Amino acid sequence: MPGFGQIVGHEQIIAHLQNAITMDKVSHAYIINGPKESGKMMLAEAFAMALQCERGGPEGCMECHSCKQAIGRNQPDIIYVIHEKPNIIGVDDIRDQLNNDIVIKPYSSKYKIYIIDEAEKMNPQAQNALLKTIEEPPAYGIILLLTTNADKFLQTIRSRCITLDIKAVRDEEIRSFLLENYHIPDYYADVCTAFAQGNVGKAIQLVSSDDFNELKAAVVQLMKRLSDIDFYEMGSAVKQISDFKLQIEDYFDLMTVWFRDVLYFKATGDVNGLIFKDEVYDIKRQAARRSYQGIEAILEALEKAKVRIQANVNFDLVIELLLLTIKEN
């Protein structure tokens, strides 16, 4: 479990939480809202550790008994609300683990802190049960709701919580973090950073993923030879992409990064700004052959393909249409 000092980015949220501790104006309920793997749990745990730290500063000291317990996730007054059913947090989960427990005073700390991950999975009954506690919490009670979609909460819950929206972390920060901690080549750090789109957790996953390397290699190989494929060979190209059906959004994102590189090089002639620096020869070749209008048409077609796949339009049909658009432009 990291402290605030170990978290990459999210400076505004960290400053808000630390000010609340320093000024003794900690709210009883927070919503931390942001994409999957974007650092919600790290922020919640760093906040909880700081609140319970025996030294009483705005940052957990990492050395006192409470901080050591928090790092090991066995601090008795930092409670993780869990749920048995994968897609629902039910009313019994909230009643048993939170409502019935919060009436008991803290075991050893100033606060009793409840962390509910994937809180958007609370059904309406669970939310109504939680609402009663949020409306009249004990002085020592703090509830942290971590969610990918705060809009799924009842308005009555949202109005009683402080909502902290996670913003994308700057690419330079993510890139530096990857280079310092994972000792990877520059070009690979560039690809993972661009692909993570401001999400540090996703960048870390990509760096450590053999699947991502395989996916990237497949996309690059197809992008390099697609112009030379005859129309009768389209079926085998579609089949090749269908091997990555479960990762199709990532596949599309990598294709988007490729064509953004083509567009960038066409506009600037600058190799240094490319993400796929190691494929500069083919990027240059495509930039020379394609028009601005054609590249924009391809990027639009990629966005449309994403929407169609999510709407369950026939997979092969969507891919074939996309490849034809790329070939024609």
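What counts and how
- Residues numbered from 1 in each chain as written.
- Predicted model: local features only at pLDDT ≥ 70, side-chain atom pairs only at ≥ 80, totals over all residues.
- Heavy atoms only, no water.
- Helix = DSSP H or I, 4+ residues; strand = E, 2+ residues; numbered from the N terminus.
- Buried < 20%, exposed > 50% of the residue type's maximum accessible area, 1.4 Å probe, protein only.
- Areas by Shrake-Rupley, 256 points an atom, 1.4 Å probe, with all protein chains shown as cover.
- Core = buried A, V, L, I, M, F, W, Y, C linked by side-chain atoms within 4.5 Å.
- Contact = heavy atoms within 4.5 Å.
- Salt bridge = Lys/Arg side-chain N within 4 Å of Asp/Glu carboxyl O.
- Expected span 1.5 Å × (residues − 1).
- Arc of directions from axis to C-beta.

S.K.: So, the overall build of the protein chain: which residues are in play, and what are the values?
M.R.: Along the protein chain, the regular secondary structure elements total 15 helices and five strands. Taken along the three principal axes of its C-alpha coordinates, the protein chain extends 70 × 40 × 30 Å. By the burial criterion, 50% of the 329 residues in the protein chain qualify as buried. For the protein chain, the accessible area works out to roughly 16,400 Å², and carbon and sulfur atoms hold 49% of it.

S.K.: Report on the nonpolar core, specifying residues and quantitative values.
M.R.: Grouped burial of nonpolar side chains is what soluble globular proteins tend to show. Leu 222, Tyr 251, Phe 252, Met 255 and Phe 259 are the most contacted members of the largest nonpolar core, which has 59 residues in total. Considering every element that reaches this core, the biggest residue donor is helix H12 (residues 248–268), with eleven residues. In contact with Tyr 251, not counting residues within four places along its chain, are Leu 215, Ala 218, Val 219, Leu 222, Gln 240, Ile 241 and Phe 244. Core analysis: the second largest hydrophobic core is formed by 32 residues, Phe 4, Leu 43, Ala 46 and Ile 142 among them.

S.K.: Pulling in residues and values, what's your account of the pattern of salt bridges?
M.R.: With the rule as written, the count across this model stands at 15 salt bridges. Two residues, Lys 224 and Glu 279, come together in a salt bridge whose shortest N-O distance is 2.9 Å. Here Lys 224 is found in helix H10 (residues 210–225), whereas its partner Glu 279 is found in the loop between H12 and helix H13 (280–289), with 55 residues between them in sequence. Of the residues examined, Lys 224 reaches a relative accessible area of 29% and is grouped as partly exposed. A single network of salt bridges, built from pairs that share partners, joins Arg 175, Asp 186, Asp 190 and Lys 277.

S.K.: How would you sum up helix H4 (residues 91–102)? Please name residues and give values.
M.R.: An ideal rise of 1.5 Å per residue puts 16 Å on twelve residues; H4 measures up with 15 Å between its terminal C-alpha atoms. Of the residues making up H4, those classed as buried are Val 91, Asp 93, Ile 94, Leu 98, Asn 99 and Ile 102. Seen end-on, H4 carries its buried residues on one side only, within an arc spanning 145 degrees. Residues of H4 that are buried sit in contact with strand S2 (78–81), strand S3 (112–116), helix H5 (124–135) and strand S4 (141–147).

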